[in-house]
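Single-letter residue listing:
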Amino acid sequence: MRTLLHMLRKEFLQLRRDPRIVQLILIGPIAQLLLFGYAINMDVNTVPVVVCDMDHSIESHDLIARFSNSGYFPIVGYVDKLSDVDPYIDRSKASLALIIPENFGRDIKRNASVPLPVIVDGSESNSASVGLNYAGAIIAGYSQNILVQNFSRRGFGGLHPIQVIPEVRVWYNPELKSRNFLVPGILGTLLLQATVLLTALAIVKEKESGTMEQLIVTPIKPYQIIIGKLAPFFIIGAIDIVLAIAGTTIVLGIPVRGSIWLLGGLSLLFIMTTLGLGLFVSTVSQTQQQAMMTTIFFLIMPMNFLSGFIFPIENMPKIIQYVTYLLPLRYFFEIIRDVFLRGVGFDVLWPQALALFIFGVCILTLASLRFRKKLA
Amino acid sequence: MPDVAIEAKELTKRFGDFIAVDHISFSVNGGEIFGFLGANGSGKSTTIRMLCGLLQSSGGSATVAGFDINSQADSVKENIGYMSQKFSLYDDLTVTENIRFWGGIYGLSDEMIAKRQAWAIGIAGLEGREKSLPRELPGGFKQRLALACAMLHSPKVVFLDEPTGGVDPIMRRRFWDLIRQLAEEGTTVFVTTHYLDEAEYCNRIMLIHAGRMIAVGTPEQLKKEYIRTPVLEVETERIIEAMALLDEDDRVEETSVFGTFLHVSIAERYNAEKVIREVLGAHNISPSRIEPIVPSLEDVFIHLIDRQEAEQKR
Ligand SMILES: Nc1ncnc2c1ncn2[C@@H]1O[C@H](COP(=O)(O)OP(=O)(O)OP(=O)(O)O)[C@@H](O)[C@H]1O
Ligand SMILES: [Mg+2]
């Protein structure tokens, strides 16, 4: 026990003296979180639009007003000819061009199908697609409005679907939706990065510098080395959880619908798995460089791509979908999403918790055995 | 303290097909300074690592401080100190933090740690530099601190793997004074080096070459036993040429470059100086100095290794 205390004290002394630490555990997560949070926000807020109104009818003015009133589409120019649109898009002054053809107002009143070309600057695919979704939502709202007007004027006879937009996919406020999902999701990637990498590096560093060898010739037990090495990063992980939850809720104003304690508790369970992974990486790496590469290429990247954070799991090929059941991050994302956005409790999330627990126990056992074997 | 501090029997280590340590047997007495000599890659570190429990041996057996290295590894660890070939204290902990940590890991009580800390600072000559980080210390001090840290729990046996590598000659001397002091206090010191002059400080030395034991004994024994022919030191500017010429002559048994001089041994029945002058004179080389010398350990080792390699070729 005393040996363990000495080991722990040394670890904390070293952590305190490591200039990377503050950066990695404090500034890194917060900066990432805020950047991510605001970047998503910004993308959507500023989709500059150029309007080419060739109709000049009440209806066209109404549609344009809806765009400019939405707050997301600052109108940077009005032109009358199609050819005048090009310079705006070419010079990136506008990301989106709204083109209202001649007789737009008349056609709408006649219930005809109305083509409404929207040109999008595809070079910024991210903001373009969000912008397109928005525009779609506005136009859909507009056509629905007309539908209602027609209906009130002519009864069911007026219920002809009016097509005004090539594609309308998102009805909800897409900004809020993606942001609310993405920002808490960062908690997962953040914990993964911080704990796996730091743990692996801290252990491999001792191998590299020869102090591990020096430790092994003392009567210290392998389990004491393991606990001594993992405990500080467990605490760092816990601090990161608190920071990330606080940042998300207080600074970015995204509320946690469910229990914060449940979220915290399950996050700790998740850290158990990442510490196990870190320990495992340390047993297969000889240098810090190797540990870094292994962590990034074999753990962080695949997990980020396959855990449903970036691509929805339902859209993946069946085989890959099965693979995702092996990734702790997958369960953790489900937990985050459900606690944050849906507010569900342990009664629903216990399978995910169990999966994390089993994974954690397995990887910690496996890694510890490997670690002890290397020492012997 | 058992009389025999370390005893190895047919100790062997294979890495795949490669035999790094090849059936070596030796014993080290309690309180002795035992020097383990060999060129780079001859298997010194591998042997030490097996004795310390860092490497599993692939054959043979050994006891350290009376405990078997395979079956009683834990007891071995409590009784040994180890200083590895590369400096291995924590570079981001201060001198005292390092001492306290290692003391704690060896299970010393707080009072004991305080006592040993004072001792260690004294041994390492670091009074007033307790708060320095090891990387800020000159090489010699780092080495002595590492030794002190390996000795905090007063082990019976201490293994030092090239402790003086990269340290200047004056600090090397002082380091060896320290080793002697420890041995006088009863510690058994097992030390590897490839500085042959350092071997003279050892009570007994053992030479290994390519994993095999070549010779063991006190420095005097080795010199007497293995060098029977007189050795002469030859000083000349055309040293390589001179060596080639002498090697061709049947009367010359062995030549070796020794610093900027040539060491030559000639079969006993000839007048050595005359032979050398004759051979070199035929090619217009006139050595500025030819002098009989007391053979050093280096002469002994060169002789032994040459002999071993010749035997292997046969
Ligand atoms: N883990 C290993 N795997 C394979 N070969 C190894 C391993 N460790 C050492 N060797 C080889 O065993 C031989 C002996 O190495 P060892 O480190 O014992 O030599 P040494 O006498 O200590 O040399 P030096 O003076 O360079 O420290 C070397 O040829 C080395 O390459
Ligand atoms: Mg070595």
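Parameters at a glance
- Residues numbered from 1 in each chain as written.
- Chains lettered and ligands numbered in written order.
- Predicted model: local features only at pLDDT ≥ 70, side-chain atom pairs only at ≥ 80, totals over all residues.
- Heavy atoms only, no water.
- Domains from an automatic or database assignment.
- Contact = heavy atoms within 4.5 Å.
- Buried area = accessible area lost by both parts, 1.4 Å probe.
- Salt bridge = Lys/Arg side-chain N within 4 Å of Asp/Glu carboxyl O.
- Polar contact = N/O pair within 3.5 Å; in protein donor to acceptor, adjacent residues only side chain to side chain.
- Helix = DSSP H or I, 4+ residues; strand = E, 2+ residues; numbered from the N terminus.
- Nonpolar A, V, L, I, M, F, W, Y, C, P; charged D, E, K, R; others polar.
- Pairing = 2+ DSSP bridges.
- Axes fitted to C-alpha atoms, helices over the stretch in contact; angles between N-to-C directions.
- Parallel < 35°, antiparallel > 145°, perpendicular 65-115°, else oblique.
- Left-handed = near helix turned anticlockwise from the far one by under 90°.
- Buried < 20%, exposed > 50% of the residue type's maximum accessible area, 1.4 Å probe, protein only.
- Lys, Arg positive; Asp, Glu negative; His and termini not counted.
- Near = heavy atom within 4 Å.
- Areas by Shrake-Rupley, 256 points an atom, 1.4 Å probe, with all protein chains shown as cover.
- pLDDT = per-residue confidence, 0-100.
- Core = buried A, V, L, I, M, F, W, Y, C linked by side-chain atoms within 4.5 Å.
- Donors = N, O, S within 2.8 Å, 3.2 Å for Na, K, Ca; no water.
- Phe/Tyr/Trp six-rings, centres within 6.5 Å; stacked < 30°, edge-to-face > 60°.

**A few points about the domain arrangement of chain B**
Move 1: Under the domain assignment, chain B is made up of domain 1 (4-218) and domain 2 (228-294).
Move 2: For domain 1 of chain B versus domain 2 of chain B, the distance between C-alpha centres works out to 40 Å.

**A closer look at the interface of chain B and chain A**
Move 1: Each side of the interface is counted separately: chain B has 30 residues, and chain A has 26 residues.
Move 2: With both sides pooled, the region where chain B packs onto chain A buries about 2,400 Å², and carbon together with sulfur makes up 56% of that total.
Move 3: Considering only the side of chain B, the residues that lose the most area to chain A are Y90(B), D92(B) and I105(B), jointly responsible for 23% of the buried surface there.
Move 4: Notably, a salt bridge pairs R2(A) with D110(B), separated by 3.7 Å at the nearest N-O pair.
Move 5: Viewed at the interface, chain A and chain B are joined by twelve residue pairs in polar contact (both at pLDDT 80 or more).
Move 6: Contributions of two or more residues to the side of chain B that touches chain A are made by α2 (73-79), β6 (80-83), α3 (95-105) and α4 (110-124) of chain B.
Move 7: Looking at the side of chain B that touches chain A element by element, the count peaks at six residues for α3(B).
Move 8: For the side of chain B that touches chain A, the class distribution of residues is 15 nonpolar, seven polar and eight charged.

**Describing the sheet that holds strand β4 (residues 118-120) of chain A**
Residues and elements named next belong to chain A.
Move 1: Taken together, four strands build an open sheet; the order of strands is β2-β1-β3-β4 and the sheet is mixed. At either end of the open sheet lies a strand with only one pairing partner, and these are β2 (75-79) and β4. For this sheet the average axis-to-axis angle between neighbouring strands, irrespective of direction, equals 15 degrees.
Move 2: Pairing geometry for strand β1 (residues 49-53) and strand β3 (residues 96-100), over five bridges, is parallel. Looking at the pairing, V49 lines up with L96 of β3.

**Quick word on the packing of α4(B) against helix α5 (residues 139-150) of chain B**
Residue and element names in this part refer to chain B.
Move 1: Contact geometry of α4 with α5 gives a least axis separation of 8 Å together with a crossing angle of 150 degrees. When the axis of α4 is compared with that of α5, the two are roughly antiparallel. The way α4 lies across α5 gives a crossing that is right-handed. Along its contact with α4, which presents W119, A120, I123 and A124, the element α5 presents F141, R144, L145 and A148.
Move 2: Residues belonging to the contact of α4 with α5 are distributed by class as follows: seven nonpolar, no polar and one charged.

**Considerations on the environment of V216(B)**
Residues and elements named next belong to chain B.
Move 1: Tracing the chain through its elements places V216 in strand β10 (residues 212-217).
Move 2: For V216, a relative accessible area of 33% corresponds to the partly exposed category.
Move 3: Along the backbone, V216 and K131 are 85 residues apart, and their C-alpha atoms lie at a distance of 43 Å.

**Section: the side chain of R144(B)**
All names here are of chain B.
Move 1: Mapped onto the elements, R144 comes out in helix α5.
Move 2: At 7.6 Å, E127 is the nearest oppositely charged side chain to R144, a buried residue that forms no salt bridge.
Move 3: With residues up to four places along the chain from it excluded, the contact list for R144 reads I123, A124, G125, M171, R174, F175 and L178.

**Quick look at the site of ligand 1**
Residues and elements named next belong to chain B.
Move 1: Every one of the 14 residues lining ligand 1 counts as a neighbour, but G41, K44, S45, T46 and Q85 are closest to it.
Move 2: At a separation of 2.8 Å, an oxygen atom of ligand 1 approaches a polar backbone atom of K44.
Move 3: A distance of 2.7 Å is found between an oxygen atom of ligand 1 and a side-chain nitrogen or oxygen belonging to S45.
Move 4: The fraction of the free accessible surface of ligand 1 (630 Å²) that becomes covered by protein chains is 61%.
Move 5: The set of elements that each furnish at least two residues to the shell around ligand 1 consists of β2 (18-29) and α1 (44-51).
Move 6: Of the residues forming the shell around ligand 1, the biggest block, three residues, is contributed by α1.
Move 7: When its residues are assigned to classes, the shell around ligand 1 shows four nonpolar, eight polar and two charged.

**Digging into the pattern of salt bridges**
Residue and element names in this part refer to chain A.
Move 1: In this structure the tally under the stated criterion is 23 salt bridges over all chains.
Move 2: When the shortest N-O distance is used, the salt bridge between R330 and E334 registers 2.9 Å. A residue pair is termed a helical-turn pair when its members lie 3 or 4 positions apart in one helix, as R330 and E334 do in helix α13 (residues 328-342) at four residues. In this structure, R330 and E334 share a single accessibility class: buried.

**Concerning the confidence of the model for chain B**
Move 1: On average, residues of chain B score 88 in pLDDT, and 98% of them reach the 70 mark or higher.
Move 2: In the model output, the complex is listed with pTM 0.73 alongside ipTM 0.79.

**Description of the nonpolar core**
Soluble globular proteins tend to pack their nonpolar side chains together in the buried interior.
Move 1: In this structure, I6(B), F26(B), V64(B), F159(B), F190(B) and F301(B) are the most contacted members of the largest nonpolar core, which totals 145 residues.
Move 2: Element by element, the count of residues in this core is highest for helix α7 (residues 174-209) of chain A, at 13 residues.
Move 3: Residues in contact with F301(B), not counting those within four places in the same chain, are L37(B), L196(B), I205(B), L207(B) and L222(B).
Move 4: Formed by 22 residues, the second largest nonpolar core is a distinct cluster that contains V49(A), I100(A), V114(A) and Y134(A).

**Focus: unusual backbone geometry**
Residue and element names in this part refer to chain B.
Move 1: Despite not being glycine, E162 shows a phi value in the positive range, around 40 degrees.
Move 2: Of note, E162 is situated in the loop between β7 (157-161) and α6 (169-184).
Move 3: Phi at N284 is positive, roughly 60 degrees, even though this residue is not glycine.
Move 4: Relative to the assigned elements, N284 resides in the loop between α10 (272-281) and β14 (289-293).
Move 5: Residue N284 is classed as exposed on the basis of its relative accessible area of 68%.

**What about the coordination of the magnesium ion (ligand 2)?**
Move 1: Donor atoms from the polypeptide that coordinate the magnesium ion (ligand 2) comprise S45(B) (OG) and Q85(B) (OE1), at 1.8 to 2.2 Å from the metal. Taken together, the residues S45(B) in helix α1 and Q85(B) in the loop between β6 and α3 connect sequence positions 40 residues apart.

**Quick word on the packing of aromatic side chains**
Residues and elements named next belong to chain B.
Move 1: Under the criterion given, the structure shown has twelve aromatic pairs over all chains.
Move 2: A ring pair is formed by F26 and F190, whose centres lie 5.8 Å apart and whose planes are at 35 degrees; its orientation type is tilted. Taken together, the residues F26 in strand β2 and F190 in strand β8 (residues 188-193) connect sequence positions 164 residues apart. Here the two residues F26 and F190 agree in accessibility, since each one is buried.
Move 3: Their ring planes at 70 degrees and their centres at 5.0 Å tell us that F101 and W102 sit as a pair that is edge-to-face.

**A few points about the sheet that holds strand β5 (residues 67-68) of chain B**
All names here are of chain B.
Move 1: If you trace the four strands from one edge of the open sheet to the other, you get β2-β1-β4-β5, paired in antiparallel fashion. Since the sheet does not close on itself, it has two edges, and those belong to β2 and β5, each with one partner.
Move 2: Relative to β5, strand β4 (residues 59-64) runs antiparallel, the two sharing two bridges. Along β5, the bridge assignment pairs V64 with F67.
Move 3: Against the sheet, α1 engages β1 (4-15), β2 and β4, with an angle of about 115 degrees to β1.

**Points about the packing of helix α8 (residues 219-226) of chain B against helix α11 (residues 297-313) of chain B**
Two numbers describe a pair of packed helices, the interaxial angle and the distance between the axes.
Residues and elements named next belong to chain B.
Move 1: The interhelical angle for the contact between α8 and α11, taken along N-to-C directions, is 55 degrees, at an axis separation of 10 Å. When the axes of α8 and α11 are compared, the pair comes out oblique. Of the two elements, α8 crosses α11, and the hand of that crossing is left-handed. Here P219, L222, K223 and Y226 of α8 lie close against α11, whose contacting residues are L297, V300, F301, H303, L304 and R307.
Move 2: For the contact of α8 with α11, a count of residues per class yields seven nonpolar, one polar and two charged.

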